[in-house]
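Examination of the molecular architecture
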Amino acid sequence: VDQRTWDRLVGMTGEPTHAQLYNLPEVSASGPEAPLDARCRTGRVLCVDKSSHSLRWVIDGRVQARFDARFGSDELPTREGAFTVYSKSRDHVSSLYNTSMPLAMFFSGGQAVHYSPDFAAHGYAGNSHGCVNIRDYNGISWLFDQVRVGDRVVVYRS
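Residues numbered from 1 in each chain as written. Predicted model: local features only at pLDDT ≥ 70, side-chain atom pairs only at ≥ 80, totals over all residues. Heavy atoms only, no water.

1. Here's the deal with the overall build of the chain
A tally of helices and strands in the chain yields four helices and nine strands. Secondary structure elements of the chain occur, N-terminal to C-terminal, as α-α-β-β-β-β-β-β-β-α-β-α-β. In the chain, 56% of the contacts between residues at least 6 apart in sequence involve partners at least 24 apart. In the form shown here, the chain has an accessible surface area of approximately 8800 Å², with 51% of it arising from carbon and sulfur atoms. (Helix = DSSP H or I, 4+ residues; strand = E, 2+ residues; numbered from the N terminus. Contact = heavy atoms within 4.5 Å. Areas by Shrake-Rupley, 256 points an atom, 1.4 Å probe, with all protein chains shown as cover.)

2. With respect to the layout of surface pockets
Roughly 480 Å³ of internal volume is contained in the largest pocket. Taken together, the residues that form the lining of the largest pocket break down as nine nonpolar, 14 polar and three charged. In this model, the second largest pocket occupies a volume close to 210 Å³. Lining the second largest pocket we find 14 residues, and of these Lys50, Phe71, Gly72, Asn127 and Arg157 sit closest to its centre. (1 Å grid on protein atoms, 1.4 Å probe; cavity = no way out; pocket = protein on both sides within 12 Å on 5 of 7 lines; lining within 4 Å. Points joined across faces, edges and corners; volume = space filled by probe spheres on them. Nonpolar A, V, L, I, M, F, W, Y, C, P; charged D, E, K, R; others polar.)

3. Observations regarding a nonpolar patch on the surface
A cluster of nonpolar side chains, contributed by Val1, Trp6, Leu9, Val10 and Met12, occupies part of the molecular surface with about 580 Å² of accessible area. Tracing the sequence through the fold places valine 1 in the segment before helix H1 (3-11). For valine 1, a relative accessible area of 82% translates into the label exposed. (Patch = residues over 30% accessible without salt bridge, like charges linked within 9 Å, V, L, I, M, F, W, Y side chains within 5 Å. Salt bridge = Lys/Arg side-chain N within 4 Å of Asp/Glu carboxyl O. Buried < 20%, exposed > 50% of the residue type's maximum accessible area, 1.4 Å probe, protein only.)

4. Brief notes about the pattern of salt bridges
When their charged atoms lie close together, side chains carrying opposite charge are able to pair. Counted according to the given criterion, the structure contains eight salt bridges. A salt bridge links arginine 66 to aspartate 68; the shortest N-O distance between them is 3.5 Å. Note on arginine 66: relative accessible area 28%, which makes it partly exposed. Relative accessible area serves as the criterion here: at 30%, aspartate 68 is assigned to the partly exposed category. For glutamate 80, the salt bridge is made with arginine 157, and the minimal N-O distance between the two is 3.0 Å. Of the two residues, glutamate 80 sits in the loop between strand S3 (62-70) and strand S4 (81-84) while arginine 157 sits in the segment after strand S9 (152-156), which places them 77 residues apart along the sequence. With relative accessibility at 42%, the residue glutamate 80 sits in the partly exposed group. A relative accessible area of 51% places arginine 157 in the exposed class.

Structure representation (structure tokens):
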């Protein structure tokens with residue numbers, strides 16, 4: 001390239017942020033430790049904050065564990081609202097997409113919280129088909145054993 005082109009390219013680039021360098025979500029102003037939604041402060045709740053890309057396992061207002069989370073796309077969004085875990089499946093395979101959904105905890109139609117090998121491998125460079133993807137296999141395995149059918153799920157934006 002000539003000098004003029006090089007100068008323009010250099011002028012359009014900058015030092016990548018930590019999040020860009022490690023393929024992490026850009027954190028919103030509310031931050032990864034945003035206050036819990038009021039619906040998450042009592043009982044046993046999978047508290048899913050789409051703004052901070054996180055799932056927090058909360059019992060009586062105390063956060064027991066926090067996990068990075070990935071969600072659906074604009075075309076196949078993760079529904080927001082208050083739900084309950086109505087079914088669990090350790091080795092589930094989606095009949096709709098023929099994809100593995102290990103450690104699935106279903107809360108709304110076919111949407112579930114589950115481990116995603118794609119999320120683990122590619123980070124936030126993709127989306128789910130509407131589910132809440134978790135990339136920490138050991139963590140979600142532990143969580144799967146803690147959560148009971150009937151526990152609440154709250155999906156919101158902080």
